[in-house]
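Architecture and fold: a report
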Number of protein chains: 2
Amino acid sequence: MTVIGRAGGSGETAPASQQGMRRKNLAAVTGAVAAHGPLSRADVAGHTGLTRPAVSSLVDELIGRGALTETAAPPSGRVGRPGRALALNDRGPAGLGLEIGVTHLAACIVDLRGEPRVWRRVERANAGRPAGQVLAEAAALGADAESEAAALGLRVEGRVLAVPGVVPNAPGGLVANAPNLGWQAVRPADHWPDPATVPEPENEANLGALAELRQQGDPAETFVHVSAEAGIGAALVIGGQLFRGARGFAGELGHLPVHPEGAPCPCGARGCLEQYAGEAAVLREAGLSGAGDPVTLLAERAAAGDAATLRALDRAGRALGLALASAVNLVDPDGLVLGGAYAELADRLLPPMRAELAARVTVRPWTPEAVRPSALGRRGPVLGAAWSTVQQIIADPTRLPVRPQR
Amino acid sequence: MTVIGRAGGSGETAPASQQGMRRKNLAAVTGAVAAHGPLSRADVAGHTGLTRPAVSSLVDELIGRGALTETAAPPSGRVGRPGRALALNDRGPAGLGLEIGVTHLAACIVDLRGEPRVWRRVERANAGRPAGQVLAEAAALGADAESEAAALGLRVEGRVLAVPGVVPNAPGGLVANAPNLGWQAVRPADHWPDPATVPEPENEANLGALAELRQQGDPAETFVHVSAEAGIGAALVIGGQLFRGARGFAGELGHLPVHPEGAPCPCGARGCLEQYAGEAAVLREAGLSGAGDPVTLLAERAAAGDAATLRALDRAGRALGLALASAVNLVDPDGLVLGGAYAELADRLLPPMRAELAARVTVRPWTPEAVRPSALGRRGPVLGAAWSTVQQIIADPTRLPVRPQR
DNA sequence: GTCTATTTGTAATGGCGAAAAACAAATTAG
DNA sequence: CTAATTTGTTTTTCGCCATTACAAATAGAC
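Definitions and cut-offs
Residues numbered from 1 in each chain as written. Chains lettered and ligands numbered in written order. Predicted model: local features only at pLDDT ≥ 70, side-chain atom pairs only at ≥ 80, totals over all residues. Heavy atoms only, no water. UniProt positions renumbered as here; feature names shortened; annotations may be inferred. Near = heavy atom within 4 Å. Polar contact = N/O pair within 3.5 Å; in protein donor to acceptor, adjacent residues only side chain to side chain. Helix = DSSP H or I, 4+ residues; strand = E, 2+ residues; numbered from the N terminus. Nonpolar A, V, L, I, M, F, W, Y, C, P; charged D, E, K, R; others polar. Contact = heavy atoms within 4.5 Å. Buried area = accessible area lost by both parts, 1.4 Å probe. Salt bridge = Lys/Arg side-chain N within 4 Å of Asp/Glu carboxyl O. Disulfide = S-S within 2.5 Å. Buried < 20%, exposed > 50% of the residue type's maximum accessible area, 1.4 Å probe, protein only. Least-squares fit on C-alpha atoms with pLDDT ≥ 70 in both. Pairing = 2+ DSSP bridges.

With an unreviewed UniProt entry as reference, chain A is termed ROK family protein, source organism Streptomyces bambusae. Among the UniProt annotations of chain A, the heading Sequence similarities (unreviewed entry) holds the following wording: "Belongs to the ROK (NagC/XylR) family."

**Details of the protein's contact with DNA strand C**
Surrounding DNA strand C, one finds 25 residues, the nearest of these being Ser56, Arg81 and Arg84 of chain A together with Gln18 and Arg22 of chain B. Counting only the atoms of DNA strand C that lie within 4 Å of the protein, the sugar and phosphate share comes to 64%. With respect to DNA strand C, the backbone of Arg81 of chain B contributes an N or O atom lying 3.3 Å from a base nitrogen. Among the secondary structure elements, those contributing two or more residues to the surface near DNA strand C are α2 (41–48) and α3 (52–64) of chain A together with α1 (18–36) and α3 (52–64) of chain B. Residues belonging to the surface near DNA strand C are distributed by class as follows: eight nonpolar, nine polar and eight charged.

**Observations concerning the interface of chain B and chain A**
The interface is formed by 60 residues belonging to chain B together with 60 residues belonging to chain A. When chain B packs against chain A, close to 4,800 Å² is buried across both sides, 60% of that on carbon and sulfur atoms. Taken together, the links from chain B to chain A amount to two salt bridges. Our enumeration of links across chain B and chain A arrives at 26 residue pairs in polar contact (both at pLDDT 80 or more). Among the elements that take part in the side of chain B that touches chain A, helix α10 (residues 307–331) of chain B stands out by supplying six residues, more than any other.

**Considering the state of the cysteines**
Under the counting rule described, the total for this entry stands at zero disulfides over all chains. Here Cys267 of chain A stays unpaired: no disulfide links it, and the sulfur of Cys272 of chain A, its closest cysteine neighbor, is 3.6 Å away. You can call Cys267 of chain A buried: its relative accessible area is 17%. The thiol of Cys265 of chain B is unpaired, and the distance to the nearest cysteine sulfur, on Cys267 of chain B, comes to 3.7 Å.

**Points about the relation of the copies chain B and chain A**
A rotation about an axis combined with a shift along that same axis relates the two copies of the chain. When chain B is fitted to chain A, the best match, at an RMSD of 0.1 Å, comes from turning it 180 degrees and sliding it 0.0 Å along the axis. The operation mapping one copy onto its partner corresponds to a two-fold rotation axis.

**Quick look at the pairing of strand β12 (residues 232–238) of chain A**
Each regular strand shows side chains that alternate between the opposite faces of the sheet. Residues and elements named next belong to chain A. Counting buried residues in β12 gives seven out of seven residues, a clear majority hidden from the surface. Because side chains alternate across β12, one face comprises the buried residues Ile232, Ala234, Leu236 and Ile238, and the other comprises Gly233, Ala235 and Val237, equally buried. Relative to β12, strand β11 (residues 223–228) is paired through six bridges, and the arrangement is antiparallel. Opposite Val226, over in β12, you have Ala234 as the bridge partner. The hairpin turn running from β11 into β12, its antiparallel successor, is three residues long. Hairpin connection between β12 and strand β13 (residues 241–243): a loop of two residues separates the two successive antiparallel strands, and Gly239 in this loop has a positive phi of roughly 55 degrees.

**With respect to the pairing of strand β4 (residues 93–100) of chain A**
Residue and element names in this part refer to chain A. Buried residues dominate β4, accounting for eight of its eight residues. Burial along β4 is two-sided: the residues Pro93, Gly95, Gly97 and Glu99 and Ala94, Leu96, Leu98 and Ile100 are all buried. Judged from the seven bridges that link them, β4 and strand β7 (residues 155–163) form a sheet pairing that is parallel. Among the inter-strand pairings, Glu99 is bridged to a residue of β7, identified as Ala162. For β4 and strand β5 (residues 104–111), the ladder comprises seven bridges, and the chain directions are antiparallel.

**Things to note about the protein's contact with DNA strand D**
Close contacts around DNA strand D come from 25 residues, with Gln18 and Arg22 of chain A together with Ser56, Arg81 and Arg84 of chain B the closest. Counting only atoms of DNA strand D within 4 Å of the protein, the sugar-phosphate share comes to 64%. Within the side chain of Thr51 of chain A, an N or O atom sits 3.0 Å from a phosphate oxygen of DNA strand D. Here a phosphate oxygen of DNA strand D and a backbone polar atom of Arg84 of chain B are 2.6 Å apart. Mapped by element, the contributors of at least two residues to the surface near DNA strand D are α1 (18–36) and α3 of chain A together with α2 (41–48) and α3 of chain B. Its residues assigned to classes, the surface near DNA strand D comprises eight nonpolar, nine polar and eight charged.

What follows is the structure in structure tokens.
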């Protein structure tokens, strides 16, 4: 997880060394290949500003570490000796993403190119169950996915677990609070069957934002990713990097006060966004009580034209817009992304959101199109979890062990 | 101005070179001396992780560039050969800070140690005057300060102008909008008499935050600095670096909606914070109309126990607390700083602010003490403007020209 | 088919910067 | 006065990239 703004820790920073220079240049090569598709050594030199001999040396090392492979050269058609195409290895290092949701478990393995290669998803009512039991099942799902990945030649180099809860900025991977699961101070490492495969937990909204960032293209974008369903979380991505806050609590959008004297919230305050746009509040306002998946239920009723449902969604959209107006005025993002389960309700939620934002973001340029629905929807968090490992490897390939040459 | 989150610009980044390594290590040396006072070469080696020979070579270059000087060695009392003390040069490079306020102009020059050496301040009613006229007077004040600095052996290496307005993230130094001055799209460079001394404009709240950061001590702090008076701005400092937003509009706290259906605001929205905590709103609520400085007037009436004034300040404090609750839930800062002119009203404003924050920040640890008044008050912006140049030099001493050796 | 121009990748050499090792200088403790 | 200790510099070594030179592989011209 590459993150900005962590309280520096040691204070004294390591000096710039030749190894550090090498590390950065290795990363520049993997980064260029990741960003611009298959590239010859000369192309890489052009993109990075390094010389061809330097690139050759770096590429040798990266092939040795399993990060890159030489693929069949595409018929370029240009004059001169044809280059040998370099691509990210699709039969080497990989990332495992796991997800614990309120009603499901999921796993996903992506290769270095970022391509998902293995999928697993099972429905499970996880709310209120003992954390150890849920984690054991997640571990089993992950082990199952890893064995399938091994058959594809993939070697899992990192494991990240998406949870719908708060993960403080502290070593050791603690989930401080996951209200929708009923978790308090759960440390996945304490319940994981195999110490060798313990995943690092991370908030699902943050991981969804990472996935969106990757899908999106512009790697230096600044945006706010809203992950709305039972709880409403947001992730801040600043210049392409996740910002977790001083202690890891950034993005608690659900408890922004939207109507200061409004409905009381279990958190102790009044008029929090969750009281207007949270799943429970919307269902109540729509007069529905949920058998089955509440979001698809809402989508069906809205499509059928049910007045109470439409009213509830409009109110939720306006409340979201109001809260996000605060976010935009404070943070000045390039855009906003509506993710999580609510992405499926974007048809109904976006118009009131956009109207509210247009009315309240007036002291800076703003277009309604800056708010967009996520392209990944509910799969965002697992994908982000798997991708975060891949991203780390591309940003620092020296994490990979040098393979013993056969 | 060191800033995070700018849209990367070129996209392709320069490769890590040996010159880059050298630059980083030069900065590590100046940084260590700046942070830990006078240090011997061996001490610097200990702090940076560099070897003593490397430090010797770096120090030679830094002395040649005028960044460091060898001072009289303090009698250490320890066994062994005494070290020669290195300190930031107080007779060399310097930074000029200029400020255009609604009722004054100010200038300040600080040496590399960050010590203010020259002060200038004149009262001027700048609101509504032609920008060219105001800028010409500011330039004269700056030139006057620079000539005094020259007599002290100081060489101004950078100039920054604090303005109460929005400065977009764009080259060329444009002040897009400064409502309290009546400025629209003013480019200081177009009105500056001497092209050699054109300053870079920057928002005063951001500069105030920089000054606070420097004064504070922890160079990696994440905090929100509120600069409240006529307009209400905020600056976000993330991990010790200023965050200006995707386009430079971050921190528009004054237009956070605090009472969604409340009083209409000139910005077009309803219930913006400025309608409850802005200078004009507070004066109106207190039944005062301003001859003289409104903030000292408010302080006097509050000290005298005037009921309407106390009520107005309480309402303003609560509104500030409400808006900042959104900021805390979103950004998760270490703390909040009340700066600008309102720092002088902290006695009255802090209690309702803290109460509101305590009530609305419940899903993460929070203590009332995390809100503190600025130590610098109204001098923050000029100091920050002057310091920002010094900070840049310390972060990259190769900006300094190598002096011809005599 | 052969030759030339062009581009790619590698090999040889050089320079820069820090680490390592060795040493000279300046102090305190005995 | 000598030994121990710490500081700063000199010398050597090493790692990494740039430069230069060169071999390899293609398209186009004739």
